[in-house]
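These are the residues of each chain, in order.
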Amino acid sequence: MVSIVIAALFVIVITLIYIYLKRAYSPSPDDLPGVKPHIVFGNLLNSGILTGKLSFHQVFLDYQRRFGDKFQFWFGSHRCFVFCGVEHAQIIFADRHTFEQAPLSFPNFDLLCPNAIVMLTGAKWKRHIRVLLPMLKRAKIIGHLETIVQCADHFIDQNLHPGQVHRDLVSSCQSFTMNVIGFIGFDHDFDAHINSPIKKAFRDFIFYSVSILLSPWLPRWLGKIYLKYNWKYQHAYRLIHELSEKLVEEEQNKESEMENKRPKNLIASLVSSLNEQANDDQVSSGLTHAEIFDEVLIMILAGYETTSTALSWFIFFASKNPQVQQKMKEELRKHHLLMTDDLKYVPELTSENLTSLTYCECVTKEVLRLAPVAGFSVRIATCDTIVDAVKIHRGQTVFIALNNINTDARYWHHADPRQFVPERFLGEDENHHSLAMIPFGGGHRACIGQELAWLELKTIIVRMMQRGITFEDTSENTGGYEDHLSCLPKKLAVRVRFD
Ligand code: HEM
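Cut-off values and rules
Residues numbered from 1 in each chain as written. Predicted model: local features only at pLDDT ≥ 70, side-chain atom pairs only at ≥ 80, totals over all residues. Heavy atoms only, no water. Helix = DSSP H or I, 4+ residues; strand = E, 2+ residues; numbered from the N terminus. Rg over C-alpha atoms; globule rule 2.2 N^0.38 Å. Buried < 20%, exposed > 50% of the residue type's maximum accessible area, 1.4 Å probe, protein only. Contact = heavy atoms within 4.5 Å. Areas by Shrake-Rupley, 256 points an atom, 1.4 Å probe, with all protein chains shown as cover. Lys, Arg positive; Asp, Glu negative; His and termini not counted. Charge placed at Lys NZ, Arg CZ, Asp CG, Glu CD. UniProt positions renumbered as here; feature names shortened; annotations may be inferred. Pairing = 2+ DSSP bridges. Near = heavy atom within 4 Å. Polar contact = N/O pair within 3.5 Å; in protein donor to acceptor, adjacent residues only side chain to side chain. Nonpolar A, V, L, I, M, F, W, Y, C, P; charged D, E, K, R; others polar. Donors = N, O, S within 2.8 Å, 3.2 Å for Na, K, Ca; no water. Axes fitted to C-alpha atoms, helices over the stretch in contact; angles between N-to-C directions. Core = buried A, V, L, I, M, F, W, Y, C linked by side-chain atoms within 4.5 Å. Expected span 1.5 Å × (residues − 1). Phe/Tyr/Trp six-rings, centres within 6.5 Å; stacked < 30°, edge-to-face > 60°. Lys NZ or Arg CZ within 6 Å of the ring centre and 35° of its normal.

## A word on the overall build of the chain
Okay, so step 1: The number of helices and strands found in the chain is 18 helices and 12 strands.
Okay, so step 2: A globule of 499 residues ought to have a C-alpha radius of gyration of about 23 Å, and the chain, at 24 Å, matches this closely.
Okay, so step 3: For the chain, the spread of C-alpha atoms along the principal axes amounts to about 90 × 55 × 40 Å.
Okay, so step 4: Out of the 499 residues belonging to the chain, those deemed buried represent 52%.
Okay, so step 5: A fraction of 72% describes how many contacts in the chain between residues 6 or more apart in sequence connect residues 24 or more apart.
Okay, so step 6: As displayed, the chain offers around 23,000 Å² of accessible surface, 56% of which is attributable to carbon and sulfur atoms.
Okay, so step 7: Measuring between centres, the 52 positive side-chain charges of the chain sit 5 Å from its 55 negative side-chain charges.

## Notes on the UniProt feature "transmembrane region" (unreviewed entry) in the chain
Okay, so step 1: According to UniProt, the feature "transmembrane region" (unreviewed entry) maps to residues 6-21, 205-222 and 296-319 in the numbering used here.
Okay, so step 2: Annotation note: span residues 205-222, helix share 67%, strand share 0%, distance between end C-alpha atoms 18 Å.
Okay, so step 3: Across residues 296-319 one finds 100% helix and 0% strand; the C-alpha atoms that close the span lie 35 Å apart.

## Quick look at the pairing of strand 8 (residues 397-401)
Okay, so step 1: Where burial is concerned, most of strand 8 is hidden: 5 out of the 5 residues are buried.
Okay, so step 2: Of the two faces of strand 8, the one holding Thr397, Phe399 and Ala401 and the one holding Val398 and Ile400 are both buried throughout.
Okay, so step 3: Strand direction decides the pairing type here: strand 2 (residues 78-83) and strand 8, joined by 4 bridges, are parallel. Within strand 8, the position partnered with valine 82 by the bridge is phenylalanine 399.
Okay, so step 4: In this sheet, strand 8 lies alongside strand 5 (residues 376-381) in antiparallel orientation, the contact comprising 5 bridges. The residue of strand 8 that forms the bridge with serine 377 is isoleucine 400.

## Observations concerning the site of the ligand
Okay, so step 1: Close to the ligand lie 29 residues, the nearest being Trp125, Ser377, Arg379, Arg445 and Cys447.
Okay, so step 2: One of the side-chain nitrogen or oxygen atoms of arginine 379 is found 2.8 Å away from an oxygen atom of the ligand.
Okay, so step 3: Within the backbone of glycine 442, an N or O atom sits 3.2 Å from an oxygen atom of the ligand.
Okay, so step 4: Where the shell around the ligand is concerned, the elements lending two or more residues are helix 13 (289-320), strand 5 and helix 18 (450-466).
Okay, so step 5: In terms of residue count, helix 13 provides more of the shell around the ligand than any other element does, 6 residues in total.
Okay, so step 6: Here the residues of the shell around the ligand sort into 19 nonpolar, 8 polar and 2 charged.

## Observations concerning the coordination of the iron atom of the ligand
Okay, so step 1: Donation to the iron atom of the ligand from the protein comes from one atom only, Cys447 (SG), at 2.3 Å.
Okay, so step 2: Within the element layout of this structure, cysteine 447 appears in the loop between helix 17 (402-406) and helix 18.

## Some remarks on the sheet that holds strand 2
Okay, so step 1: Ordered in space as 1-2-8-5-3, the 5 strands form an open sheet in which the pairing is mixed. At either margin of the open sheet sits one strand with a lone partner, and together these are strand 1 (70-75) and strand 3 (99-101). Here the strands of the sheet are splayed against their neighbours by 40° on average, with no regard to which way each runs.
Okay, so step 2: Examined bridge by bridge, strand 1 and strand 2 share 6 bridges and lie antiparallel to one another. Bridged to tryptophan 74 within strand 2 is arginine 79.
Okay, so step 3: Packed onto the sheet, helix 3 (residues 56-67) meets strand 1, strand 2, strand 5 and strand 8 and runs at close to 140° relative to strand 1.

## Structural notes on the nonpolar core
Okay, so step 1: Among the nonpolar cores identified, the biggest contains 128 residues, and Ile300, Phe314, Met464 and Phe471 are the most heavily contacted of them.
Okay, so step 2: It is helix 13 that contributes the most residues to this core, 17 residues altogether.
Okay, so step 3: Apart from the residues lying within four places of it in its own chain, the contact partners of methionine 464 are Phe155, Ile156, Leu160, Leu311, Phe314, Ile469 and Phe471.
Okay, so step 4: Core analysis: the next-biggest nonpolar cluster, separate from the first, contains 18 residues, Phe73, Phe75, Cys80 and Leu104 among them.

## Details of helix 13
Okay, so step 1: Here helix 13 spans 47 Å end to end across 32 residues, near enough to the 46 Å set by a 1.5 Å rise per residue.
Okay, so step 2: Buried residues dominate helix 13, accounting for 27 of its 32 residues.

## What about the pairing of strand 1?
Consecutive residues of a regular strand have side chains that alternate between opposite faces of the sheet.
Okay, so step 1: Among the 6 residues in strand 1, 5 count as buried, and that is most of the element.
Okay, so step 2: Adjacent in sequence and paired antiparallel, strand 1 and strand 2 are bridged by 2 residues, among which glycine 76 carries a positive phi angle near 65°.

## A closer look at unusual backbone geometry
Okay, so step 1: We note that aspartate 388 has phi near 45°; this positive angle belongs to a residue other than glycine.
Okay, so step 2: For aspartate 388, the position within the fold is in the loop between strand 6 (385-387) and strand 7 (390-392).
Okay, so step 3: Of the residues examined, aspartate 388 reaches a relative accessible area of 36% and is grouped as partly exposed.
Okay, so step 4: Backbone geometry places alanine 389, a non-glycine residue, at a positive phi of 65°.
Okay, so step 5: Tracing the chain through its elements places alanine 389 in the loop between strand 6 and strand 7.

## Some remarks on the packing of aromatic side chains
Aromatic rings considered in pairs are described by the distance between their centres and by the relative angle of their planes.
Okay, so step 1: Overall, the coordinates contain 30 aromatic pairs when judged by the stated rule.
Okay, so step 2: On the numbers, 5.8 Å between centres and 50° between planes, the contact of phenylalanine 60 with phenylalanine 376 is tilted. Residue phenylalanine 60 is located in helix 3, and its partner phenylalanine 376 is located in strand 5; the two are separated by 316 residues in the primary sequence.
Okay, so step 3: With relative accessibility at 1%, the residue phenylalanine 60 sits in the buried group.
Okay, so step 4: Taking the centre distance of 5.8 Å and the plane angle of 90° together, the rings of tryptophan 313 and phenylalanine 316 count as edge-to-face. Of this pair, tryptophan 313 and phenylalanine 316 are both found in helix 13, 3 residues apart, which corresponds to roughly one turn of the helix. Taken individually, tryptophan 313 and phenylalanine 316 each receive the classification buried, so the pair is uniform in this respect.
Okay, so step 5: Just above the ring of tryptophan 412 sits the side chain of arginine 369; from NZ or CZ to the centre is 5.2 Å.

Pasting the structure below:
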């Protein structure tokens, strides 16, 4: 009798799952062109993303070529509309009331980090952004230039060895950006290097985040169990937690010594906002302890991962374009900023002389334009609306394909937009459309760390050129793409030469 009941229940569950999946994937009158989805994985599997064959931005470029500027992409059982034109970005980014940050930006990430700013909307997001954003404004960031230069020198001294082929520069770049965010965000020496435990903890955390992000079909309870009994993930999380506790405690000790001082960095701002009563209805300011922990985690993660990826791409592009490295050095020579011939003196970098380096600025811009660090912005429609004759219903997810726009020949004229040509910003593309280059997304949910990323990237690029470094191409240096949280060069292997 019992076995009959179990068998019947089993059949019912399977039938319900089948009906649910059938309904989820059945054609709708609002469908856009796209590739027929797989019943469980949507387009994640048949596009080659899940198998690691192609990265998101490659798939979006391919779909745009096949289906035009508007197509649909099935993220598991979620049907998403992808838009690839500046006019689309303009409408979607400008209308903050209709298009809000979507849960699909980081699917299931709330299992790992529920209170981080990337997961929040509405009053709660406002409460968090008020604490974080003032510490990342340009005026604040520029005050940390000297620290960034010191970290750049440390990176060069520790990681770049003359004459050798370097195959692990991605990891070295990550150590550099982690140290920068440590010093300027948290007034702490993370002492990140290739084998440091905290770097390893974040690497493991990212690994499990990506597994969870790419499993949107995973029932949440299964995701929870997977994380709970995964000792590697638990170990990484514990280390990050201990670090966060330590940072908060150190700051609290300092705080009592300097009452009423304005916060000067992220951790000071976070700690001074501590308010266990904070909530979004009655107490609309401050952050709870749990919220502070998630923000520490996400600011370290976002602060180091993306910028190091952009830096890795710079090294790749530079190695393929020796003339660009030469031109940067000529500009530095003209401004008397190159290291002296006896190697004894490297001229100081100030915000003024950084600003005067126009060509180096173009190189930084070109890296951010061409490197597919973050492939898309994701928004959810909060009400029914229409974008370029596409009916979008409340709850529908839309993607803006950032890299497609950044490399679209309709908006870039100076040279082939898929090529690395910094001169474009001095030529025909000098006055490009402001939304033709959106590596940091846009609108009210644009990247809050972009000032830091710009300064960090330009400073280290200039510093490496100042110190006479040249990255040379090798036969192993074949590039390609590897999607983690950001999209890395798959094969980066360059020889380093000191002039
Ligand atoms: C080259 C470096 C970077 C790139 C390409 C990048 C790119 C992006 C993109 C595309 C978004 C989503 C924007 C949107 O949805 O429209 C984003 C959001 C975000 N970024 Fe960055 N980012 C970089 C560096 C940083 C740094 C250094 C930090 C922190 C110090 C940071 C913190 C954040 C945060 C907290 C968000 C979420 C903002 C929100 O949801 O309101 N990013 N970033």
